[in-house]
Amino acid sequence: MKTLVILAHPDLERSRVNLRWKEELLQYPNDVTLHELYKEYPDWSIDVPAEQQRLEAYDHIVFQFPLYWYSYPPLLKKWFDDVFTHGWAYGSKGDRLIGKKLGLAMSIGDKQENYLPEGSVSFTVDQVTTPFKASVKHVGAVALPYFAVYGASFQASDEEIDQSARDYISYINRYSRQ
């Protein structure tokens, strides 16, 4: 089963992690379709019918982005607001996402230990991603466990980032076959 990866990074060319993940994904064109929101919509004018058709064509969808102020990058948030419409994604006739598997692949700038109740963030990544999980539940889809790499801003070595790219492909393959 082919996976749709929706990549939302506001400055991809300067990203160590998301750019490396993109390079890895491009090596698997038979398994992954990559859709870059900031490249597709530089003016932020989202083609909602095209995006909805794209989502309908896949049962396994991963949203790839840097955790951005403990949330999505702004274009991805707008994309969710525009694309997940009443009557299509939810409501009495909104059934297009029911049963689809949706996951998150996030680069996180800070250290993993800071995303503990006693850490400097005081919240876990699982808690920070609650709005995504609630949205997925609301539209009848299935929220997959998230994939993340920590220390993306400054601590992760090139070797760790390369390993995370291989692990990301394993994550995609594991959940696309279920």
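Predicted model only: the values in this text are computed from it and were never measured.

1. Structural notes on the overall build of the protein
So, step 1. When you go through the protein residue by residue, the secondary structure sums to seven helices and six strands.
So, step 2. Along the protein, from the amino end to the carboxyl end, the secondary structure elements read β-α-β-α-α-β-α-β-α-α-β-β-α.
So, step 3. Here the C-alpha atoms of the protein give a radius of gyration of 16 Å, agreeing with the 16 Å that 2.2 N^0.38 yields for 178 residues.
So, step 4. Counting every position in the protein, which comprises 178 residues, the buried fraction comes to 48%.
So, step 5. Intrachain contacts of the protein at a sequence separation of at least 6 include 77% that bridge at least 24 residues.
So, step 6. Here the protein has roughly 9,100 Å² of accessible surface; of this, 49% comes from carbon and sulfur atoms.
So, step 7. Each charge class in the protein was averaged separately, 19 positive and 24 negative side chains, and the resulting centres sit 5 Å apart.

2. Points about unusual backbone geometry
So, step 1. Positive phi outside glycine occurs at Trp69, with the angle close to 50°.
So, step 2. Within the secondary structure layout, Trp69 lies in the loop between β3 (60-66) and α4 (74-83).
So, step 3. Judged by relative accessible area, which is 75%, Trp69 ranks as exposed.
So, step 4. Unusually for a residue other than glycine, Tyr70 sits at a positive phi of about 65°.
So, step 5. For Tyr70, the location among the structural elements is in the loop between β3 and α4.
So, step 6. A relative accessible area of 40% places Tyr70 in the partly exposed class.

3. Structural notes on the pairing of strand β2 (residues 32-36)
So, step 1. With five bridges connecting them, strand β1 (residues 3-7) and β2 associate as parallel partners. Bridge pairing in β2 links Val5 to Leu34.

4. Considering the packing of helix α1 (residues 17-25) against helix α7 (residues 158-176)
For any two helices packed against each other, the geometry comes down to the angle between their axes and how far apart the axes lie.
So, step 1. Running from N to C, α1 and α7 cross one another at 50°; their axes reach a closest spacing of 9 Å. Relative to α7, the element α1 lies oblique. Every pair of crossing elements has a handedness; the one defined by α1 and α7 is right-handed. On α7, the residues touching Val17, Arg20, Trp21, Glu24 and Leu25 of α1 are Ile161, Asp162, Ser164, Ala165, Arg166, Tyr168, Ile169 and Ile172.

5. So, the packing of aromatic side chains
So, step 1. Enumeration over the complete set of coordinates arrives at 18 aromatic pairs.
So, step 2. When the centroid spacing of 6.4 Å and the interplanar angle of 65° are considered together, the rings of Phe80 and Phe132 count as edge-to-face. Of this pair, Phe80 sits in helix α4 while Phe132 sits in helix α6 (residues 130-138), and the two are 52 residues apart along the sequence.
So, step 3. Among the residues examined, Phe132 registers a relative accessible area of 4% and is labelled buried.
So, step 4. Arranged with centres 6.2 Å apart and planes meeting at 55°, the rings of Tyr115 and Tyr150 form a pair that is tilted. With Tyr115 in the loop between β4 (101-108) and α5 (125-128) and Tyr150 in strand β6 (residues 147-150), the pair connects residues that are 35 residues apart, well separated along the chain.

6. Regarding the side chain of Gln52
So, step 1. Following the sequence through the fold, Gln52 ends up in helix α3 (residues 48-56).
So, step 2. In this structure, Gln52 is in contact with Val83, Thr85 and Trp88, ignoring residues within four places of it in sequence.

Reading guide: rules and limits
- The residue numbers shown here count from 1 along each chain, following its written sequence.
- Local features in a predicted model are, by the rule used here, given only for residues with pLDDT of at least 70; side-chain atom pairs are given and counted only at 80 or more, and totals for whole chains, interfaces and linings are based on all residues.
- Heavy atoms throughout the structure, all of them, feed into the side-chain values; hydrogens and water do not.
- Helix and strand assignments come from DSSP, with helices taken as H or I runs of at least 4 residues and strands as E runs of at least 2, each series counted from the N terminus.
- Throughout, radius of gyration means the C-alpha value; the globule benchmark is 2.2 Å times the number of residues raised to the power 0.38.
- For every residue, the accessible area obtained with a 1.4 Å probe (protein chains only) is divided by the maximum for its type, and the residue is called buried under 20%, exposed over 50%, and partly exposed between those limits.
- Throughout, a contact is declared for two residues whenever any of their heavy atoms are within 4.5 Å.
- Accessible surface area values rest on a Shrake-Rupley calculation with a 1.4 Å probe, where residue burial reflects the displayed protein chains alone.
- Only four residue types enter the charge count, namely Lys and Arg as positive and Asp and Glu as negative; His and the chain termini do not.
- To locate a charge, take NZ of a lysine, CZ of an arginine, CG of an aspartate or CD of a glutamate.
- At least two bridges found by DSSP between two strands is the condition for calling them paired.
- Whenever a helix is involved, its axis is fitted only over the stretch in contact; in every case the axis is a line through C-alpha atoms, and angles between N-to-C directions fall within 0 to 180 degrees.
- Put simply, angles under 35 degrees are roughly parallel, angles over 145 are roughly antiparallel, angles from 65 to 115 are roughly perpendicular, and the rest are oblique.
- Crossing handedness is defined as follows: a turn of the near helix away from the far one that is anticlockwise and smaller than a right angle gives a left-handed crossing, while the clockwise case is right-handed.
- Here the aromatic set is Phe, Tyr and Trp, taking the six-membered ring for Trp, and pairing holds for ring centres within 6.5 Å; pairs whose planes are under 30 degrees apart are stacked, those over 60 apart are edge-to-face, and all others are tilted.

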